[in-house]
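# Breakdown of the fold
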Amino acid sequence: AAVLEPEGHELRTFTRPDAALDAAREEPPAVTITDFAMPGMNGLELVEALRAVSPDTTFLVVSGQATVEDAVELMKHGVVDVMVKPPRARSLRRSLALALSQHELAAENRRLRDALRAHRRLSGVIGTSPAFEKVLRLVEKVAPTDSTVLLTGETGTGKEVIADAIHELSPRAERPLVKVHCAAIPATLLEAQLFGHVRGAFTGAVRDRHGFFEEASGGTLFLDEVGEIPLELQTKLLRVLQTGEIQRLGEAQPRRVDVRVIAATHRDLEDEVREGRFREDLFYRLHVIPIEIPPLRRRGDDVVLLARHFFARERERQRRDDLRGLAPDALDVLRAWDWPGNVRELENVIERAVTLAEGGEITAADLPERLRAAAASGHGAVEITPDMTLREAERVLILAALERAGGNRKEAAARLGISQATLYRKLAQYGAAGERSAE
Ligand SMILES: Nc1ncnc2c1ncn2[C@@H]1O[C@H](COP(=O)(O)OP(=O)(O)OP(=O)(O)O)[C@@H](O)[C@H]1O
Ligand SMILES: [Mg+2]
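Computed from a prediction, not measured in an experiment: that's the story for all the values here.

The rules behind these values
Here the residue numbering is sequential within each chain, running from 1 through the sequence in written order. For this description, chains carry letters from A and ligands carry numbers from 1, given in the order in which they are written. The predicted nature of this model means local features are confined to residues of pLDDT at least 70 and side-chain atom pairs, given and counted, to a pLDDT of 80 or more, with totals for whole chains, interfaces and linings taken over all residues. With hydrogens and water set aside, each side-chain value is computed from the structure's full complement of heavy atoms. For helices the rule is a DSSP run of H or I covering at least 4 residues; for strands it is a run of E covering at least 2, with both sets numbered from the N terminus onward. Based on C-alpha atoms, the radius of gyration is set beside the globule rule, defined as 2.2 Å times the residue count to the power 0.38. A simple rule labels every residue: compare its accessible area, found with a 1.4 Å probe on the protein chains alone, to the largest value its type can have, and call it buried under 20%, exposed over 50%, or partly exposed in between. The contact rule is simple, with two residues in contact once any of their heavy atoms fall within 4.5 Å. Accessibility throughout is a Shrake-Rupley quantity obtained with a 1.4 Å probe, and a residue counts as covered only by protein chains that appear here. The convention is simple: Lys and Arg are positive, Asp and Glu are negative, and His and the chain ends are not counted. Charge placement uses NZ in Lys and CZ in Arg. For Asp and Glu, CG and CD serve respectively. Stacked, edge-to-face and tilted are the three classes for Phe, Tyr and Trp ring pairs, Trp counted by its six-membered ring, which pair at centre distances within 6.5 Å; planes under 30 degrees apart are stacked, over 60 edge-to-face, the rest tilted. At least two DSSP bridges between two strands are needed for those strands to be called paired. Any helix carries an expected span of 1.5 Å times its number of residues minus one. The arc in question is traced by the directions running from the helix axis to the C-beta atoms. The salt bridge criterion pairs a side-chain nitrogen of Lys or Arg with a carboxyl oxygen of Asp or Glu, the two atoms within 4 Å. For helices, the fitted line uses only the C-alpha atoms of the stretch in contact; every axis is such a line through C-alpha atoms, and the angle between N-to-C directions lies from 0 to 180 degrees. Angular relationships are summarised with four words: roughly parallel below 35 degrees, roughly antiparallel beyond 145, roughly perpendicular across 65 to 115, and oblique for the angles in between. For a crossing to be left-handed, the near helix must be turned anticlockwise from the far one by less than a right angle; the clockwise case is right-handed. Nearness is defined per residue: one heavy atom within 4 Å of the molecule or strand is enough. Counted as a polar contact is a pair of N or O atoms within 3.5 Å, where, for protein atoms, one must be capable of donating a hydrogen and the other of accepting one, and residues adjacent in sequence contribute only when both atoms are in side chains. Here the term charged refers only to Asp, Glu, Lys and Arg, the term nonpolar to Ala, Val, Leu, Ile, Met, Phe, Trp, Tyr, Cys and Pro, and the term polar to all other amino acids, Gly among them.

Let us look at the overall build of the protein. Scanning the protein from terminus to terminus reveals 19 helices and 12 strands. At 30 Å, the protein has a C-alpha radius of gyration far larger than the 22 Å of a compact globule built from 439 residues. In terms of overall dimensions, the protein has C-alpha extents of about 95 × 60 × 50 Å along its principal axes. Buried positions account for 41% of the 439 residues belonging to the protein. Sequence-distant contacts, at least 24 apart, represent 68% of the contacts inside the protein between residues at least 6 apart. Entry remark: accessible area of the protein is about 24,100 Å², with carbon and sulfur atoms responsible for 51%. Considering the protein, the positive charge centre built from 61 side chains and the negative charge centre built from 69 side chains are found 1 Å apart.

As structure tokens, then:
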């Protein structure tokens, strides 16, 4: 201590290895200096035990009687230096500097590994459209926090995919992600399933059981279709979110749980609140970080990226090496469709096409009739010819985009890649007729 403390190192001293282990669990040390012969545990055992709780710690061993063999063994286990007792101040300083720099290297390595892993895990999530990139940026931002996230979006937009990504990118990734499909569990069972129960709490409760909250301890709980939770249970859920404590059914003593909650719904929860079907206070508690996943029809060429992704996957899965890819006419049909079932619908369409395709390429003929009919009827296609003025062409395009968006100007503007203000201005220029057809 006389040597190290004046140099600004924070030093904690222990006389027993198990006390050191407990402390390391609380606050991992950068470097551990340990004796070789100690009560209850030798230096090597302590190194192994500490490394398990604190993987980035580096070690110096001080020893009165370690043999050369011991020293070699210790170094093999990653001990930076083995010094004879008592070490001289100079050699202690030098070894400590080495151990510290190795610790920093180890920590940096692990940060890089984590980042790499995060990257790999996000790589199964396909999409580069501005609307989807916005979602991904939010995901990266909220993942490291413990904030409650509410995912909204039409069916098949990828709510579960995004919930997975948030968990995988979070510090909780090594702990469980527990998924609860709230709509699929009968209301009477849901409470016991979420919070657990003790034996005899109700007929059929033959033994104690923990619930999903306890199962997700240290990890993430995904409440899918949270809008379907009955009102009485919403009250209890709110209390759990506020206090961080659950109560097993039939048990008086509350239990603390450390769980991050991600909720999802295809409903407009604000509507549900207005209609009195969803508690307003719970809505605000869940709504801390809302992420709205845009429908596929607003993600531009993500349709093509996703189609190619699913195609590659299905070709492999169905062993269709004879298939080269998606023909341009097939892509045109895919682009023209509105995808009410979103990514899931696209996934099914491609899976079916790979099954049906004769060989060579997937063509429009391999796609479902409803898609082809829509594309053929000019659904989504407009006629722009070289003898039009740019202004005329623009007008045709803007009115078609409005029609496609069902008159929703915000959506039409997003589709066209212009601001709503610009859209309004252009519509005003086209005059009353344009305005009317926009309604
Ligand atoms: N961005 C994406 N990249 C790759 N696959 C995706 C993407 N989004 C969705 N998928 C795939 O589409 C399917 C539907 O996604 P998911 O189940 O996450 O949708 P959802 O919004 O939860 O739908 P629902 O409301 O019906 O529960 C899944 O098979 C999923 O793997
Ligand atoms: Mg889902």
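A few words now on the packing of aromatic side chains. Counted according to the given criterion, the structure contains two aromatic pairs. Centroid distance Phe-195 to Phe-213: 5.6 Å. Interplanar angle 25°. Geometry classified as stacked. Highlighted residues: Phe-195 in helix α7 (residues 187-195) and Phe-213 in helix α8 (residues 212-215), separated in sequence by 18 residues. The exposure class assigned to Phe-213 is buried, which follows from its relative accessible area of 2%. A centroid spacing of 5.2 Å and a plane angle of 65° characterise the contact between Phe-283 and Tyr-284, whose relative ring orientation is edge-to-face.

On to the pairing of strand β10 (residues 289-292). Here is the key point about a regular strand: its side chains alternate between the two faces of the sheet. A one-sided burial pattern is seen for β10, the buried positions being Ile-289 and Ile-291 and the unburied ones Pro-290 and Glu-292. Pairing between strand β4 (residues 149-152) and β10: four bridges, direction parallel. By the bridge assignment, Leu-151 is partnered in β10 with Ile-291.

Let us now look at helix α14 (residues 342-356). Counted at 1.5 Å a residue, the expected span for α14 with its 15 residues is 21 Å, and the 21 Å between its end C-alpha atoms agrees. Every buried residue belonging to α14 is among Asn-342, Val-343, Glu-345, Leu-346, Val-349, Ile-350, Ala-353 and Val-354, and all of these are buried. Down the axis, α14 shows its buried residues gathered within 165° of arc, on one side only.

Attention now goes to the pattern of salt bridges. All chains considered together, the criterion is met by 31 salt bridges. Among the salt bridges present, the one from Arg-172 reaches Asp-146, with a minimum N-O distance of 3.0 Å. Remark: Asp-146 occurs in the loop between α5 (130-142) and β4 and Arg-172 occurs in the loop between α6 (159-168) and β5 (177-181); sequence separation between them is 26 residues. Measuring nitrogen to oxygen at the nearest pair gives 2.6 Å for the salt bridge that ties Asp-258 to Arg-172. Linking Asp-258 in the loop between β8 (255-256) and β9 (260-265) with Arg-172 in the loop between α6 and β5, this pair joins segments that are 86 residues apart in sequence. Through salt bridges that share partners, Glu-214, Arg-248, Glu-251 and Arg-255 make up one connected network.

Right, let's talk about the pairing of strand β6 (residues 220-224) for a bit. Most of β6 sits out of view: five of its five residues are buried. Alternating residues of β6 divide into Thr-220, Phe-222 and Asp-224 and Leu-221 and Leu-223, and every residue in both groups is buried. Relative to β6, β5 runs parallel, the two sharing five bridges. Each residue of the ladder has a partner; that of Val-178, found in β6, is Leu-221. Alignment of β6 against β9, held across four bridges, turns out to be parallel.

A separate point is the packing of helix α12 (residues 302-317) against α14. Their axes nearest at 9 Å, the elements α12 and α14 cross at an angle of 45°. In terms of orientation, α12 lies oblique with respect to α14. Two packed elements cross with a definite hand, and for α12 against α14 that hand is right-handed. Facing α12, whose interface residues are Val-303, Leu-306, Ala-307, Phe-310, Phe-311, Arg-313, Glu-314 and Arg-315, α14 presents Val-343, Leu-346, Glu-347, Ile-350, Glu-351 and Val-354.

Residues in close proximity to ligand 1 total 17 residues, the closest being Ile-126, Thr-155, Lys-159, Arg-344 and Glu-347. Thr-157 places a main-chain nitrogen or oxygen 3.4 Å from an oxygen atom of ligand 1. A distance of 3.0 Å separates an oxygen atom of ligand 1 from a polar backbone atom of Val-161. Here ligand 1, which alone exposes 630 Å², has 84% of that area covered by the protein. Each residue belonging to the shell around ligand 1 can be placed in one class, and the counts come to seven nonpolar, five polar and five charged.

With respect to topology, five strands assemble into an open sheet ordered β5-β6-β9-β4-β10, the strand pairing being parallel. Of all the strands in the sheet, just β5 and β10 have a single pairing partner and so form its edges. Here the strands of the sheet are splayed against their neighbours by 20° on average, with no regard to which way each runs. In this fold α5 packs onto β4, β9 and β10, with an angle of close to 155° to the strand it touches most, β10.

Before going further, it helps to examine the side chain of Thr-148. Position of Thr-148 among the secondary structure elements: in the loop between α5 and β4. Here the side chain of Thr-148 touches Arg-285 through a polar contact of 3.5 Å, side chain to side chain. With residues near it in sequence (within four places) discarded, Thr-148 still touches Val-261, Arg-285, Leu-286, Val-288 and Ile-289.

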